[in-house]
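Chains, contacts and geometry: an overview
Here is how the chains run, residue by residue.
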Amino acid sequence: MRIALIGNSHLGALKGGWESPGFDKGGIEAVFFGAPGNGLGDMVVREGALFASTDESRRYMSTTSGGLDRVAANYDGYVLVGYFGIGFVADVFVGHRPPDHVNANQAPASRAALRAAARDALVHTPALHLLRQLRKLTQAPVVLVSDPMPNPRIRDTDKFGRWGADILPLVAESYAEALRTLAETSGAKVITQPDGTVLAPAFTEPRYALDHAEHGLRHMTPEYGALVMQDVVAAFKEGP
Amino acid sequence: MRSPYQNLPRRAFWRTGVRNQDWLGGDTDLWQPKFEITPEMRVMTAGSCFAQHIARHLRARGQNVIDTEPPPRRMKPETARAFGYLLYSARYGNIYTARQLLQVMQEATGVFPRPPIAWERDGRWFDAIRPSVEPEGLDSPEEVAVHRRHHLKSVRRALRQADVFVFTLGLTEAWEDLETGRIFPTAPGTIAGSYDPARCSFRNFTHAEVLADFLAFRKIALRNRPGLKFLLTVSPVPLTATASGSHVLPATIYSKSVLRAVAGQLTQEFDDIDYFPSYEIISTPFLGRTFYDDTLRAVAPEGVETVMRIFFEGRTGSSSPEIEQNPAAPARARSDDVVCEEVLLEAFAR
């Protein structure tokens with residue numbers, strides 16, 4: 001079985017895990033296509049394949065895949081890595097909160113409205129754009145892998161400002177519900193963060209998180225990547 | 001021999017103004033605005049279901065439409081509309097009657113503060129003055145009160161920055177809370193609450209009452225926003241049901257006639273009030289076509305587009321500009337896109 005993994009910078013941890021000594025690939029051959037940020041998130045269909053939209057993304061794609069300039073339609077399965085995660089749902093709560101969490105700069109919103117917005121947040125993502133593009137080419141199985149939750153050290157930085165500790169449980173709860181909806185409605189398998197790697201309510205256990213501030217405290221180790229890739233292998237073994 | 005009709009423009013004559021008119025593409029000269037509405041002017045919108053079309057098209061064509069209660073980030077426009085966002089300049093839902101408009105503005109500006117009224121359904125709580133904006137209801141009457149306080153602040157903020165207030169008069173029929181005089185947009189028991197004849201009574205407002213209510217609203221509005229201008233329309237959407245005892249057809253014609261007459265009188269008497277004849281475009285037979293869909297109630301997309309084309313023709317003096325591609329505003333409005341509590345009444349139709 002030959003699969004293509006298309007992803008953002010989180011693809012790095014998965015590649016590291018995939019190539020770690022002793023990793024059981026289950027007879028699967030994997031080709032990785034990666035570019036940082038949303039570099040490959042806006043790929044479009046042309047000539048029966050997926051193409052990156054910028055020269056820079058094309059260069060990344062070529063580098064990560066061993067010289068390929070397109071994602072062909074003849075893989076047995078596809079994995080879309082990143083392009084959706086808890087950050088999208090956290091965004092919902094930036095300007096709106098339930099009345100018991102609202103501060104001076106925010107508007108009260110009902111929990112129902114916030115949950116609905118969280119569901120929308122995961123649907124309007126580059127991941128779903130890519131899925132729609134892929135579906136123009138192939139009905140091969142697609143697996144969606146979420147962005148990991150951040151290193152808890154992010155709480156000590158100004159990047160944490162828009163989150164706020166008091167709202168995190170609700171963000172996490174809304175995210176979990178939105179993931180369930182995504183799994184039910186997208187037509188793809190959704191792989192969430194492996195249980196043992198989560199530090200409640202919305203972080204990654206420090207031992208799985210890269211500790212470099214320059215990585216934005218959002219990137220994970222190859223050990224984390226290996227756990228996710230185990231789930232990916234299992235998803236393709238299970239079949240649809 | 002001279003006649004006062006001799007030098008009148010083509011629009012003044014039935015043959016050139018109506019019979020030979022190309023309503024779907026021509027320069028109709030149907031509306032001669034009293035005042036200019038430039039794209040930079042801040043427009044506040046409110047009214048009955050049909051007003052949602054107007055607000056959406058104004059936004060889509062780049063008009064500066066005020067929104068003081070925007071939806072949460074990343075919420076899709078269709079979801080947002082189901083929760084009462086993106087419909088109007090604040091999240092008041094449909095305001096069908098002039099009395100309801102007056103009361104909302106009295107509350108928002110502090111002229112006449114009133115305690116919130118919460119309706120219950122299956123253990124969930126709804127703001128009786130805008131029950132449709134929370135389809136699943138809220139946790140408690142206290143939460144209803146918190147949301148209402150924020151809403152009223154938002155209404156006040158919208159009013160105080162508006163240059164033009166666009167209002168679509170929708171109905172004369174309403175339900176009134178006997179204890180407080182509050183007007184509900186829907187009868188108790190339709191979305192939530194329950195109907196108790198001892199606490200709630202039917203009202204069918206007269207011309208004099210609608211006129212007085214709008215004038216009282218105008219006074220409050222101008223006190224909060226001196227120089228504000230008003231653009232009125234009358235909703236062409238017929239009543240879904242009447243509680244007046246009449247047949248629904250004459251009840252509809254009564255209601256629309258009263259509203260049209262009030263709009264006409266206000267426009268004649270005040271330089272800062274104008275009327276745009278969307279009602280005439282949609283609901284009269286003289287254009288030689290129907291702009292209603294199969295229900296004979298909902299306005300078909302072609303009707304909405306004709307109305308808005310003529311609106312922009314009048315506003316800009318030229319043919320309609322292309323609708324900008326805006327994900328929050330689909331280029332072709334579908335008649336079922338509007339949020340209209342009245343459709344719930346269908347469930348009660350025999």
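The preceding data block contains the structure.
Definitions and cut-offs
Once a new chain begins, its residue numbering starts again from 1 and follows that chain's sequence as written. Note on labels: chains are lettered from A, ligands numbered from 1, in written order. Confidence filtering applies because this is a predicted model: local features only for residues at pLDDT of at least 70, side-chain atom pairs given and counted only at 80 or more, and all residues used for totals across whole chains, interfaces and linings. Each side-chain value is derived from all of the structure's non-hydrogen atoms; neither hydrogens nor water enter the calculation. Only runs of H or I of at least four residues qualify as helices and only runs of E of at least two qualify as strands under DSSP, and these elements are numbered from the N terminus. A simple rule labels every residue: compare its accessible area, found with a 1.4 Å probe on the protein chains alone, to the largest value its type can have, and call it buried under 20%, exposed over 50%, or partly exposed in between. Throughout, a residue-residue contact means that at least one pair of heavy atoms, one from each residue, lies within 4.5 Å. Here, Shrake-Rupley sampling with a 1.4 Å probe gives the accessible areas, and only protein chains in the shown set may cover a residue. Using a 1.4 Å probe, buried area is obtained as the accessible area two parts lose upon being combined, added over both of them. When a carboxyl oxygen of Asp or Glu lies within 4 Å of a side-chain nitrogen of Lys or Arg, that pair is called a salt bridge. Whenever a nitrogen or oxygen atom comes within 3.5 Å of another N or O atom, the pair is scored as a polar contact, on the condition that within protein one atom can donate a hydrogen and the other can accept it, and that pairs from neighbouring residues in sequence are kept only if both atoms are in side chains. Stacked, tilted and edge-to-face are the three classes applied to pairs of Phe, Tyr and Trp rings, where Trp contributes its six-membered ring and a pair requires centres within 6.5 Å; stacked means planes under 30 degrees apart, edge-to-face means over 60, and tilted covers the rest. Two conditions define a charge located above a ring, namely a distance within 6 Å from the ring centre to NZ of Lys or CZ of Arg, and an angle within 35 degrees of the ring normal. As used here, the term nonpolar core means buried Ala, Val, Leu, Ile, Met, Phe, Trp, Tyr and Cys residues forming a set that is joined through side-chain atoms within 4.5 Å. To estimate how far a helix should extend, the number of its residues minus one is multiplied by 1.5 Å. The pairing criterion for strands is at least two bridges between them, as found by DSSP. Here, the arc refers to the directions that run from the helix axis to the C-beta atoms. A residue counts as positive if it is Lys or Arg and as negative if it is Asp or Glu; His and the chain ends are not included. Like-charged residues within 9 Å of one another, or nonpolar side chains (Val, Leu, Ile, Met, Phe, Trp, Tyr) within 5 Å, are grouped into patches, provided each residue has over 30% relative accessible area and no salt bridge.

**Concerning the overall build of chain B**
- Scanning chain B from terminus to terminus reveals 10 helices and 10 strands.
- Burial status across chain B gives 56% buried among its 350 residues.
- A sequence separation of at least 24 residues applies to 73% of the contacts in chain B between residues at least 6 apart.
- Of the roughly 15400 Å² that chain B leaves accessible, carbon and sulfur atoms contribute 53%.

**As for the interface of chain B and chain A**
- Taken together, the contact pairs 18 residues of chain B with 20 residues of chain A.
- Contact with chain A buries area across many residues of chain B, yet B:Arg73, B:Arg74 and B:Lys76 alone supply 38% of it, more than any other trio.
- Ionic pairing is found between B:Arg74 and A:Asp91, a salt bridge with its closest N-O pair at 2.9 Å.
- Inspection of the region where chain B meets chain A yields 8 residue pairs in polar contact (both at pLDDT 80 or more).
- It is helix α5 (residues 141–161) of chain B that provides the largest number of residues to the side of chain B that touches chain A, a total of 4 residues.

**Focus: the packing of aromatic side chains**
Residue and element names in this part refer to chain B.
- This model, assessed by the stated rule, comprises 19 aromatic pairs over all chains.
- Measuring from centroid to centroid gives 5.0 Å for Trp14 and Phe286, while their planes differ by 85°, and the two rings are edge-to-face. With Trp14 in helix α1 (residues 14–19) and Phe286 in the loop between α8 (278–283) and α9 (301–316), this residue pair connects regions lying 272 residues apart in the sequence.
- Taking the relative accessible area as the measure of exposure, Phe286 reaches 47% and is therefore partly exposed.
- Chaining the aromatic ring pairs together yields one cluster made of Phe165, Phe167, Phe214, Phe217 and Phe230.
- Positioned over the ring face of Phe35 is Lys229, at 5.7 Å from the centre of the ring.
- One residue, Arg260, lies across the ring of Tyr275, its end atom 3.8 Å from the ring centre.

**Let's talk about the nonpolar core**
- Counting 58 residues, the largest nonpolar core has A:Ile6, A:Phe33, A:Leu40, A:Met43, A:Val71 and A:Leu144 as the members making the most contacts within it.
- Those elements giving two or more residues to this core turn out to be β1 (2–7), β2 (29–34), β6 (77–81), α3 (86–92), α4 (111–123), α5 (126–137), β9 (142–145) and α6 (168–185) of chain A.
- If one sorts the elements of this core by residue count, α4(A) sits on top with 8 residues.
- Those residues in contact with A:Ile6 that sit more than four places away from it in its chain are A:Phe33, A:Leu40, A:Met43, A:Leu50, A:Val71, A:Val79, A:Leu80, A:Val81, A:Tyr83 and A:Leu130.
- Core analysis: the next-biggest nonpolar cluster, separate from the first, contains 56 residues, B:Met44, B:Tyr92, B:Phe126 and B:Leu159 among them.

**Regarding helix α7 (residues 222–238) of chain A**
All names here are of chain A.
- Its 17 residues place the ends of α7 24 Å apart at the C-alpha level, agreeing with the 24 Å of an ideal helix rising 1.5 Å per residue.
- Where α7 is concerned, the buried positions are Tyr224, Gly225, Ala226, Val228, Met229, Val232, Val233, Ala235 and Phe236.
- Packed against the buried residues of α7 are β1, α1 (11–18), β6, β9 and β10 (189–191).
- Of the residues trailing α7, Gly239 is marked for its positive phi of about 80°.

**Topic: the pattern of salt bridges**
Residue and element names in this part refer to chain B.
- Under the defined criterion, the tally for this structure stands at 30 salt bridges over all chains.
- Glu107 is the partner of Arg148 in a salt bridge, and the nearest nitrogen-oxygen pair spans 3.0 Å. Here Arg148 is found in helix α5, whereas its partner Glu107 is found in helix α4 (residues 98–108), with 41 residues between them in sequence. Like Glu107, Arg148 is buried.
- Bridged by salt links that share partners, the residues Glu107, Asp127, Arg130, Arg148 and Arg182 form one connected network.

**Considering the pairing of strand β1 (residues 42–47) of chain B**
Residue and element names in this part refer to chain B.
- Counting buried residues along β1, 5 of its 6 residues qualify, which places the element largely inside the surrounding structure.
- With 2 bridges joining them, β1 and strand β2 (residues 64–65) adopt parallel strand pairing. Among the inter-strand pairings, Arg42 is bridged to a residue of β2, identified as Asn64.
- In this structure, β1 lies alongside strand β5 (residues 164–169), joined through 5 bridges in parallel fashion. Considered in β5, the bridge of Val43 is made with Val164.

**Brief notes about the sheet that holds strand β3 (residues 44–46) of chain A**
- Strands sit in the order β3-β4-β5 (chain A) across an open sheet of 3 strands; the sheet is antiparallel. Of all strands in the sheet, those bounded by a partner on one side alone are β3 and β5 (71–72) of chain A.

**Details of α1(A)**
Residues and elements named next belong to chain A.
- What α1 keeps buried is the set Leu11, Ala13, Leu14, Gly17 and Trp18. For α1, the buried positions fall inside an angular range of 160° around the axis, keeping them on one side.
- Looking at the buried positions of α1, the neighbouring elements they touch are β1, β2, β6, β9 and α7.

**What to know about the side chain of B:Glu173**
Residue and element names in this part refer to chain B.
- In this fold, Glu173 is placed in strand β6 (residues 173–177).
- The buried charged residue Glu173 lacks any salt bridge partner; its closest oppositely charged side chain belongs to Lys256, at an N-O distance of 10 Å.
- In terms of polar contacts, Glu173 uses its side chain to reach the side chain of Thr242, at 2.4 Å.
- Only 3.2 Å separates the side chain of Glu173 from the backbone nitrogen of Ala243, close enough to count as a polar contact.
- Not counting the four nearest positions on each side in its chain, Glu173 is found in contact with Thr97, Phe202, Arg203, Asn204, Leu239, Ala241, Thr242, Ala243, Ser244 and Ala251.

**Things to note about a nonpolar patch on the surface**
All names here are of chain B.
- A cluster of nonpolar side chains, contributed by Tyr5, Leu8 and Phe13, occupies part of the molecular surface with about 300 Å² of accessible area.
- Mapped onto the elements, Tyr5 comes out in the segment before α1.
- Classification of Tyr5 by relative accessible area gives exposed; the value is 55%.

**Quick word on the environment of B:Gly181**
- Structurally, the position occupied by B:Gly181 is in the loop between β6 and β7 (183–184).
- For the pair formed by B:Gly181 and B:Leu239, sequence separation is 58 residues and the distance between their alpha carbons is 23 Å.

**Quick look at the sheet that holds β7(B)**
All names here are of chain B.
- In space, the 3 strands of this open sheet follow the order β7-β6-β8, with antiparallel pairing throughout. Strands with a single pairing partner mark the edges of an open sheet, and in this sheet they are β7 and β8 (200–204).
- Here 2 bridges tie β6 to β7, and the two strands are oriented antiparallel to one another. Across the sheet, Trp175 pairs through a bridge with Phe184, a residue of β7.

That's the geometry; what it means functionally is another story.
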